[in-house]
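Summary of structural features
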Amino acid sequence: MSNQLFLFTDGSVNPQSKIGFGAVLLLQDLNVSLDEAKTLVKLNRFENTSSTKLELQVLLLALNEIDSDNCHVIVYTDSQNIIGLPARRERFEKNGYCSKNGKLIANHKLYQEFYRLTDALKCEFVKVKGHKVSGQKDPVDQLFALVDRASRNALRARGI
């Protein structure tokens, strides 16, 4: 029997300063109160980043902290880039992570780390639609809203 974990990640970045905050919520059970879940959200600050890079950095930081023995991780994200990465793997690897003009693609090291970790942890990705109206949020949306709000509030609170 494998251990199932539920991982919620989101990030918020200021494009001018290139400073961002990532929020992570890792749960063993989705039947947790929102008050309890709120206390479990972890924040991290990232510098010299972009929105695409930050979403990856936050996810990789969280995945690196999970013990990979017999683990199945369901990742909830609103990042289209992350959702699309599994389908882009074959092309990336076939082309040596290079673009058509032979240059290494941006974030190639992060993509390689993504594939290494998601293989080890047997990750499954679920696209969450961010910023839903409260009345339309199911429990997963409500949990995702915690990481979304935490990353945005961290950026605002620090005036970045």
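Residues numbered from 1 in each chain as written. Predicted model: local features only at pLDDT ≥ 70, side-chain atom pairs only at ≥ 80, totals over all residues. Heavy atoms only, no water.

Looking at an unreviewed UniProt entry, one finds the chain named Ribonuclease H, with Labilibaculum euxinus as its source organism.

Further remarks concern the pattern of salt bridges. The tally for this structure, following the rule as stated, stands at five salt bridges. Where Glu47 meets Arg45, a salt bridge forms, and the shortest distance between an N and an O atom there is 3.3 Å. Relative accessible area serves as the criterion here: at 54%, Glu47 is assigned to the exposed category. When its relative accessible area of 43% is taken as the criterion, Arg45 is described as partly exposed. Overlapping salt bridges bring together Arg89, Glu93 and Asp119 as one network. (Salt bridge = Lys/Arg side-chain N within 4 Å of Asp/Glu carboxyl O. Buried < 20%, exposed > 50% of the residue type's maximum accessible area, 1.4 Å probe, protein only.)

The geometry of helix H2 (residues 51–64) relative to helix H4 (residues 108–121) is characterised by a closest axis approach of 10 Å and an angle of 35° between their N-to-C directions. Read as a crossing pair, H2 and H4 show a hand that is left-handed. Facing Thr52, Lys53, Leu56, Gln57, Leu59, Leu60, Leu63 and Asn64 of H2, the residues of H4 in contact are Leu110, Tyr111, Glu113, Phe114, Arg116, Leu117, Thr118 and Leu121. The class makeup of the residues in the contact of H2 with H4 is nine nonpolar, four polar and three charged. (Axes fitted to C-alpha atoms, helices over the stretch in contact; angles between N-to-C directions. Helix = DSSP H or I, 4+ residues; strand = E, 2+ residues; numbered from the N terminus. Left-handed = near helix turned anticlockwise from the far one by under 90°. Contact = heavy atoms within 4.5 Å. Nonpolar A, V, L, I, M, F, W, Y, C, P; charged D, E, K, R; others polar.)

This next bit is on the nonpolar core. Counting 29 residues, the largest nonpolar core has Leu7, Leu59, Leu63, Val73, Tyr111 and Phe114 as the members making the most contacts within it. Breaking this core down by element, the ones donating at least two residues are strand E1 (3–14), H2, strand E4 (71–77), helix H3 (80–94), H4 and strand E5 (123–127). Ranked by residues supplied to this core, first place goes to H2 with seven residues. In this structure, Phe114 is in contact with Leu56, Leu59, Leu60, Ile82, Leu85, Pro86 and Phe125, ignoring residues within four places of it in sequence. Counting residues in hydrophobic clusters, the runner-up holds 16 residues, among them Phe6, Phe8, Ala37 and Ala150. (Core = buried A, V, L, I, M, F, W, Y, C linked by side-chain atoms within 4.5 Å.)

What follows deals with the pairing of E1. With 10 of 12 residues buried, E1 lies mostly within the body of the structure. As defined by bridge partners, E1 adjoins E4 across six bridges and the pair is classed as parallel. For Gln4, the partnering residue across the bridge sits in E4 and is His72. Sheet analysis places E1 next to strand E2 (residues 19–27), joined by nine bridges and oriented antiparallel. Looking across to E2, one finds that Phe8 is bridged to Leu25. The turn joining E1 and E2, which pair antiparallel and follow one another in sequence, is formed by four residues; a positive phi near 60° is taken by Lys18. (Pairing = 2+ DSSP bridges.)

What follows is about the packing of aromatic side chains. Taken as a whole and assessed by the stated rule, the structure comprises five aromatic pairs. Aromatic pair Phe92 and Tyr111: ring centres 5.1 Å apart, planes at 15°, arrangement stacked. With Phe92 in helix H3 and Tyr111 in helix H4, this pair connects stretches of sequence that are 19 residues apart. Take Phe92: its relative accessible area is 6%, and that puts it in the buried class. The ring centre of Tyr111 lies 5.8 Å from the NZ or CZ of Arg88, which sits over that ring. (Phe/Tyr/Trp six-rings, centres within 6.5 Å; stacked < 30°, edge-to-face > 60°. Lys NZ or Arg CZ within 6 Å of the ring centre and 35° of its normal.)

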